[in-house]
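Below, each chain spelled out in residue letters.
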Amino acid sequence: MTTPAPHPATASRRTLTAAVVQASAPLFDTPAALARAEELIREAVTERGAEVVVLPEAFLGGYPKGLDFGITVGSRTPEGRDLFRRYQASAVTVPGPEVDALAALTRELGCHAVVGAVERLGSTLHCVALHLGPDGYLGLRRKLMPTAAERYLWGQGDGSTLTVVDTGTARIGAAICWENHMPLLRTALYAKGVDLWCAPTVDDRDAWQATMRHVALEGRCFVLAAAPYLRRDALPAELRPVQGDEPGTVLIGGGSVIVSPLGEVLAGPLRDGEGILTAELDLDDIARARFDFDPVGHYARPDVFTLHVDESPRTTVAPSGGTHPAAAPR
């Protein structure tokens, strides 16, 4: 006698535990930032059961909130140039020792992680999201468009790093901070089948929550948004952020959140301190949500709208014998 298959309503659920980390790392101290990242990933996995962990934008290398680097229109100061020298020295290379250490950790723990970092590529810095997993380093996303004053610190990425990682269980992609406001970028990533949309950010505004819920609802994907919590007393004493020198002044106020494919908040937003948010994600909710809306499938109109994405690497000089190592995209 054949045993009947379980009814879909009673079949086992496909679940995954995700964590977003709300914390900051010491500015201008890369070894300490790496140690902090390792500590937080390990805590999320071993104590919270996380299988995917997301850390905030520029966690390695630092987000220098409130610093002006001596810039006014048409002029720079020697002090600002030296501050940038310190900032550049704090950035990581890819590949490099910091990435190797994180890759060793995710291999040990058997988890996936998306870690915000500042990458030094030649003499230019890029804001990136590092993808790591049980097989080690898996790739990166370079931020396409630094926002406002970030443009005098970071260069622009190109279409060659629109990385999406297939874990075998879910597809993980990342959009960094205000990239989440770019509708064509979102469409390009949706077309790659993103299930877990990671959003490393420093945007702590209430309005950011609307963006995260919109992306989840539009992409019919889970959104994992990780923001830092940073106070003035965490910066070196000699710095002068525009927000003031009162030690308890909050420079970045968090707002990390996890959202379902139907726009429901599953965890967070977290305010008023550091912490780790976790949620058990029912991956079948993705199919349930895409039943009536698939932005790049049955709800798209390719007869009316098409998007062409250039994913070729862009370099300034490409000698006939090969690309200069310092300029080569990774």
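Structure: above.
Calculation rules
Throughout this description, residue numbers start from 1 for each chain and increase along the sequence as written. The predicted origin of the model limits local features to residues at a pLDDT of at least 70 and limits the giving and counting of side-chain atom pairs to 80 or more, whereas totals for whole chains, interfaces and linings rest on all residues. As a rule here, side-chain values come from all non-hydrogen atoms in the structure, and water together with hydrogens is ignored. To qualify as a helix, a DSSP run of H or I must reach at least 4 residues; to qualify as a strand, a run of E must reach at least 2; elements of each kind are numbered from the N terminus. Accessibility here uses a 1.4 Å probe with only protein chains present; expressed as a share of the type maximum, an area under 20% marks a residue as buried, one over 50% as exposed, and anything in between as partly exposed. Paired strands, as defined in this entry, are two strands with at least two bridges between them according to DSSP. Helix axes are fitted to C-alpha atoms over the stretch in contact, other axes to C-alpha atoms as well, and angles between N-to-C directions run from 0 to 180 degrees. The term salt bridge refers to a side-chain nitrogen of Lys or Arg lying within 4 Å of a carboxyl oxygen of Asp or Glu. What makes two residues a contact is simply this: any of their non-hydrogen atoms within 4.5 Å.

A.B. asks: Mind showing me how you'd approach unusual backbone geometry here?
C.D. replies: Residues apart from glycine generally show negative phi values, whereas peptide bonds are mostly found in trans. Here Val94 and Pro95 are connected by a cis peptide whose omega angle stands at 0°. In this fold, Pro95 is placed in the loop between α2 (78-90) and α3 (97-109). A cis amide bond, omega -5°, links Gly268 with the succeeding residue Pro269. By the secondary structure assignment, Pro269 is in the loop between β13 (265-267) and β14 (275-282). If you check the backbone angles, Arg220 has positive phi at about 50° while not being a glycine. Residue position: Arg220 is located in the loop between α5 (206-219) and β9 (222-226). Judged by relative accessible area, which is 9%, Arg220 ranks as buried. For Asp272, which is not a glycine, the phi torsion comes out positive at approximately 65°.

A.B. asks: Explain the sheet that holds β9 here, please?
C.D. replies: Sheet strands pair by backbone hydrogen bonding; their relative direction is either parallel or antiparallel. With mixed pairing, the six strands of this open sheet are ordered in space as β6-β7-β8-β9-β12-β13. Of all the strands in the sheet, just β6 (164-166) and β13 have a single pairing partner and so form its edges. Across the sheet, the axes of successive neighbouring strands diverge by a mean angle of 25°, strand direction being ignored. The sheet contact formed by strand β12 (residues 257-259) and β13 spans two bridges and is antiparallel. Within β13, the residue paired with Ile258 across the bridge is Ala267.

A.B. asks: It is not clear to me how the pattern of salt bridges should be interpreted in this structure. Could you clarify?
C.D. replies: Summed over all chains, the structure comprises 25 salt bridges. We note a salt bridge from Asp284 to Arg14, for which the minimum N-O separation is 3.1 Å. With a gap of 270 residues between them, Asp284 in helix α6 (residues 284-290) and Arg14 in the segment before β1 (15-22) connect regions that are remote in the sequence. Residue Asp284 is classed as partly exposed on the basis of its relative accessible area, which comes to 25%. By relative accessible area, Arg14 is classed as partly exposed at 41%. Here Arg232 ties to Asp245 by a salt bridge, and the two come within 3.0 Å at their closest N and O atoms. You can see Arg232 sitting in the loop between β10 (229-231) and β11 (250-253) and its partner Asp245 sitting in the loop between β10 and β11, a full 13 residues away along the chain. For Asp245, a relative accessible area of 40% gives the class partly exposed. Residues joined by salt bridges that share partners form a network here, namely Arg36, Glu39 and Glu274.

A.B. asks: Explanation requested: the sheet that holds strand β2 (residues 52-54) in the structure shown.
C.D. replies: Spatial strand order, β5-β4-β3-β2-β1-β14: six strands in an open sheet with mixed pairing. Two strands lie at the open edges of the sheet, namely β5 (136-142) and β14, each paired on one side alone. Across the sheet, the axes of successive neighbouring strands diverge by a mean angle of 30°, strand direction being ignored. As judged from the six bridges shared by strand β4 (residues 124-133) and β5, these two strands associate in the antiparallel manner. Its bridge partner lying in β5, Val128 is registered against Arg142.

A.B. asks: Even after reading the chapter, I still don't get the environment of Val114, so can you show me in this structure?
C.D. replies: With respect to the element layout, Val114 can be found in strand β3 (residues 112-121). Relative accessible area serves as the criterion here: at 1%, Val114 is assigned to the buried category. Measuring from C-alpha to C-alpha, the distance between Val114 and Ser260 comes to 18 Å, with 146 residues separating the pair along the chain. For Val114, the contacting residues outside a window of four places in its chain are Val53, Val54, Leu55, Ala129, Leu130, His131, Ile172, Ala174, Cys198 and Pro200.

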